[in-house]
Amino acid sequence: MEIGTLRGLGTILVFVAFVGVVLWAYSSKRKNSFDEAANLPFADDETDTKKRDEEASRSKK
């Protein structure tokens, strides 16, 4: 095999992998899990806010 043939096969392989990742990422089956993962940083804020409110109410007494 010549180097041009290997490069062509490599390009095709990378393109197929790219299309696979795009299809996986935009699949409607994954939407719920991606939405949940997108909201994870805000999940800690709710618990931190509750703790802060509890501590503030204790210090006012």
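As the structure is a computational prediction, the values presented were derived from the model and not from experiment.

Here is what the cut-offs are and how they apply
- Residues numbered from 1 in each chain as written.
- Predicted model: local features only at pLDDT ≥ 70, side-chain atom pairs only at ≥ 80, totals over all residues.
- Heavy atoms only, no water.
- Helix = DSSP H or I, 4+ residues; strand = E, 2+ residues; numbered from the N terminus.
- Rg over C-alpha atoms; globule rule 2.2 N^0.38 Å.
- Buried < 20%, exposed > 50% of the residue type's maximum accessible area, 1.4 Å probe, protein only.
- Areas by Shrake-Rupley, 256 points an atom, 1.4 Å probe, with all protein chains shown as cover.
- Salt bridge = Lys/Arg side-chain N within 4 Å of Asp/Glu carboxyl O.
- pLDDT = per-residue confidence, 0-100.
- Phe/Tyr/Trp six-rings, centres within 6.5 Å; stacked < 30°, edge-to-face > 60°.

Some remarks on the overall build of the chain
Part 1 of the argument: Across its full length, the chain holds three helices and zero strands.
Part 2 of the argument: Across the chain, helices and strands are ordered from the amino to the carboxyl terminus as α-α-α.
Part 3 of the argument: A globule of 61 residues ought to have a C-alpha radius of gyration of about 10 Å, yet the chain, at 24 Å, is considerably larger.
Part 4 of the argument: Along the first, second and third principal axes, the C-alpha atoms of the chain reach 80 × 25 × 10 Å.
Part 5 of the argument: Each of the 61 residues in the chain was classed as buried or not, and the buried ones make up 0%.
Part 6 of the argument: On the chain, roughly 6,000 Å² of surface is accessible, and the fraction owed to carbon and sulfur atoms is 62%.

Topic: the pattern of salt bridges
Close approach of charged atoms allows side chains of opposite charge to pair.
Part 1 of the argument: Within this structure, the stated rule accounts for one salt bridge.
Part 2 of the argument: With a shortest N-O distance of 3.0 Å, Lys-31 and Asp-35 are connected by a salt bridge. Of this pair, Lys-31 and Asp-35 both sit in helix 2 (residues 31-38), separated by four residues, roughly a single helical turn.
Part 3 of the argument: What makes Asp-35 partly exposed here is its relative accessible area of 35%.

Description of the confidence of the model for the chain
Part 1 of the argument: Chain-level pLDDT for the chain is 87 on average; 90% of the residues reach the 70-or-more range.
Part 2 of the argument: Summarising per-element confidence for the chain, the mean pLDDT is lowest in helix 3 (residues 40-60) (75) and highest in helix 1 (residues 3-25) (97).

Looking at the packing of aromatic side chains
Part 1 of the argument: Here the structure, examined in full by the defined rule, presents one aromatic pair.
Part 2 of the argument: Arranged with centres 5.4 Å apart and planes meeting at 85°, the rings of Trp-24 and Phe-34 form a pair that is edge-to-face. Of this pair, Trp-24 sits in helix 1 while Phe-34 is found in helix 2, placing the two residues ten residues apart along the sequence.
Part 3 of the argument: Take Trp-24: its relative accessible area is 44%, and that puts it in the partly exposed class.
Part 4 of the argument: Take Phe-34: its relative accessible area is 33%, and that puts it in the partly exposed class.

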